[in-house]
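Here's the letter readout for the chains.
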Amino acid sequence: MPFGFNAPRLGIDLGTVNVVVNRIGQGITINEPSVVAVSMDRRIQAIGHAAHAMVGRTPGSLRIIRPMQDGVIADYLVTEAMLRYFIDRSCGRIRLVRPEIMVAVPSGVTTVERRAVLDARLAAGARRVHLLPESLAAAIGAQVPVSEPSGSMIVNVGGGTTEISVISLNDVVADCSTSSRVGGNRIDDAIAAYIRRKYNLMVGDHTAEQIKIGIGSAIVLSPAETMEVRGRDQVQGLPRTVTVTSDEVTEAITEPLSQIVRGVRMVLESTPPELSADIIDKGIVMSGGTSLLRNLDQLLSQEIGIAVHVADQPLMCVALGCGIAIEHTDVLQKALTSSP
C-alpha cells in the first residue's frame, strides 16, 4: 500500500430500492434510495433522496431510473455513476487509496451479471471488489451462527428479490431462486392493481407503498384499519379519494406472499434431514425491509409450522454482513467471487 495508508473498506448493499453503505470503523454512512434522475441527454441530475422526491412529479425533460432491477444491474452507466457518487460520499472525492468493497448479489445471478457487477464497482473507483451471496451476507448481519456445522435458514425479503437459503459452515447449502423476483415492489404493484380493479382509481408507486406501510398486513387484522387513498379516476380522469381497509390490502397481497411461502417450502424440501432438524430447533430468521410488513413472520410460521423471527435492524442486515465479511475474506473464500 503506497505511503503506508490503509485502503478504506466498504460493505455495500446495492439493492433494488435502497443503497446502504457500511464503512469499516464508521458504521452505516449511506442509506438512500437507489434512484437516479436523468435528463434526456443522459446527464445525471439527482441521486438518492433528491431523485426519490421527484418520483411521479418529473417534467418530460427528466426520467427517473432505478438502475437496479430484481437485484441486478439494469442500466450499467447509471449504476456506475450512482456507485461513484455514494463511494465519494463515504470516502471523500479526494483520496490517496481506492477502497476495497464487499457487495452482496442474489444467488440466482448469472456469470454475465456477476461480471457486470464487478466491472461497475471497479469503474466506479474501487481497488478490489468481492461478491458475496446476499443471503449469506444477511445471515452474517443478523448474527446467525453461519460458521457452525449446523443448519440456519435465512429469508431475506428485499424490495426486488427474496433470498431464501439454508447456510452451514460459511456457505449456502440450499437456496431458492424461483421466488427471487418477488419482493416489496411486487407487493406494491399488487396493491395498486387491486385498487385500480376495485375502485377504478389509479395510484402511484409511492402511494401504494404508503398503503402497505400504513395498513398492510400479511394476515387479517382485528379490528380492521382504514386509510384514505387519493388518486386519479380512470373513467373521469379527475382526482378522487376512496377509503381502503386493511382486509382489502391483505387480499390484494395474497399472491406475492404465497410465492414467498412456496419458495420457503421448496428450500426446506431440498434441505438435508440433519440440517432440517437444526432449523426446527433454531427457527427461521427474516431480514430485509419487507420483513417489516406486519404479521409476515406469523404468516410464514402458520404455513410452514416452524418458528419465525425477524432480525434486529432488518434493513441493515446485508450491509452489516458485508462489513463483517470484508474483514474475514480468508474464512469466506469458498463463497466469494473476487476481482484480481
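Higher on the page you've got the structure.
Presented here is a report on the structure given in the accompanying data block. Because the structure is a prediction, the values reported are computed rather than measured.

**Details of the overall build of the protein chain**
- When you go through the protein chain residue by residue, the secondary structure sums to eleven helices and 19 strands.
- Expected size for 340 residues packed as a compact globule is a radius of gyration near 20 Å; at 21 Å, the protein chain falls within 12% of this value.
- Considered along the principal axes of its C-alpha atoms, the protein chain spans approximately 65 × 55 × 35 Å.
- Relative to its 340 residues, the protein chain shows a buried fraction of 53%.
- If you take every contact in the protein chain between residues at least 6 apart in sequence, the share linking residues at least 24 apart comes to 63%.
- When the accessible surface of the protein chain is split by element, carbon and sulfur atoms take 50% of a total near 15,200 Å².

**Here's the deal with the pattern of salt bridges**
- Under the definition given, this model contains 14 salt bridges.
- Across the salt bridge formed by Arg43 and Asp41, the nearest N and O atoms sit 3.5 Å from each other.
- Residue Arg43 is classed as exposed on the basis of its relative accessible area, which comes to 57%.

**So, the sheet that holds strand E6 (residues 62-65)**
- Within the open sheet, the three strands sit side by side as E5-E4-E6. Their pairing is antiparallel. Both edges of this open sheet fall to strand E5 (44-47) and E6, since each of them pairs with a single strand only. Taken pair by pair, the neighbouring strands of this sheet meet at an average axis angle of 20 degrees, ignoring direction.
- Sheet topology note: the strand E4 (residues 36-39)/E6 ladder contains four bridges and is antiparallel. Across the sheet, residue Val38 finds its bridge partner in E6, namely Arg63.

**Overview of helix H3 (residues 111-123)**
- Here H3 is 13 residues long and its end C-alpha atoms lie 18 Å apart, about the 18 Å a rise of 1.5 Å per residue gives.
- Among the residues making up H3, those that are buried are Val117, Leu118, Ala120 and Arg121. Mapping the buried residues of H3 onto a view down its axis gives an arc of 165 degrees, with all of them on the same face. Of the exposed residues in H3, those oriented more than 90 degrees away from the buried face are Thr111 and Val112.
- Among the structural elements, strand E1 (9-14), strand E8 (72-73), helix H2 (76-91), strand E9 (100-105), strand E10 (128-133) and strand E19 (337-338) are those in contact with the buried residues of H3.
- Immediately downstream of H3, the backbone of Gly125 shows phi near 115 degrees, a positive value.

**Overview of the nonpolar core**
- Core analysis: the biggest nonpolar cluster contains 42 residues, and Met153, Ile195, Leu257, Val264 and Ile284 have the highest contact counts within it.
- Of all the elements, helix H8 (residues 254-269) adds the most residues to this core, at six residues.
- Other than its neighbours up to four places away in sequence, Ile284 contacts Met153, Val155, Val264, Ile279, Ile304, Ile306, Ala307, Val308 and His309.
- Counting 30 residues, the second-largest nonpolar core is a separate cluster that includes Met68, Ala120, Val129 and Leu131.

**A short note on H8**
- Helix length check: H8, at 16 residues, gives a terminal C-alpha distance of 22 Å against a target of 22 Å (1.5 Å per residue), a fit within 8%.
- Those residues of H8 not exposed but buried are Pro256, Leu257, Gln259, Ile260, Val261, Gly263, Val264, Val267 and Leu268.

**Overview of the packing of helix H5 (residues 184-199) against H8**
- Between H5 and H8, the least distance of the axes is 8 Å, while the angle of their chain directions is 150 degrees. Taken together, H5 and H8 sit at an angle that is classed as roughly antiparallel. On the side of H5, the interface is formed by Arg186, Ile187 and Ala190, while H8 contributes Pro256, Leu257 and Gln259.
- The class makeup of the residues in the contact of H5 with H8 is four nonpolar, one polar and one charged.

**Notes on the sheet that holds E10**
- On the basis of which strands lie adjacent, the open sheet formed by six strands has the order E3-E2-E1-E9-E10-E19 and mixed pairing. Looking along the sheet, the strands with just one partner apiece sit at the ends: strand E3 (27-33) and E19.
- As judged from the six bridges shared by E9 and E10, these two strands associate in the parallel manner. Among the inter-strand pairings, Val105 is bridged to a residue of E10, identified as Pro133.

**Observations regarding the layout of surface pockets**
- Considering only enclosed or pocket space, the largest pocket measures out at about 1,000 Å³ in volume.
- Secondary structure elements with two or more residues in the lining of the largest pocket: strand E2 (18-23), E3, helix H1 (49-52), H5 and helix H6 (205-215).
- In terms of residues, the lining of the largest pocket owes the most to one element, H6, which gives five residues.
- Across the lining of the largest pocket, the residue classes break down as eleven nonpolar, 20 polar and ten charged.

Definitions and cut-offs
- Residues numbered from 1 in each chain as written.
- Predicted model: local features only at pLDDT ≥ 70, side-chain atom pairs only at ≥ 80, totals over all residues.
- Heavy atoms only, no water.
- Helix = DSSP H or I, 4+ residues; strand = E, 2+ residues; numbered from the N terminus.
- Rg over C-alpha atoms; globule rule 2.2 N^0.38 Å.
- Buried < 20%, exposed > 50% of the residue type's maximum accessible area, 1.4 Å probe, protein only.
- Contact = heavy atoms within 4.5 Å.
- Areas by Shrake-Rupley, 256 points an atom, 1.4 Å probe, with all protein chains shown as cover.
- Salt bridge = Lys/Arg side-chain N within 4 Å of Asp/Glu carboxyl O.
- Pairing = 2+ DSSP bridges.
- Axes fitted to C-alpha atoms, helices over the stretch in contact; angles between N-to-C directions.
- Expected span 1.5 Å × (residues − 1).
- Arc of directions from axis to C-beta.
- Core = buried A, V, L, I, M, F, W, Y, C linked by side-chain atoms within 4.5 Å.
- Parallel < 35°, antiparallel > 145°, perpendicular 65-115°, else oblique.
- Nonpolar A, V, L, I, M, F, W, Y, C, P; charged D, E, K, R; others polar.
- 1 Å grid on protein atoms, 1.4 Å probe; cavity = no way out; pocket = protein on both sides within 12 Å on 5 of 7 lines; lining within 4 Å.
- Points joined across faces, edges and corners; volume = space filled by probe spheres on them.

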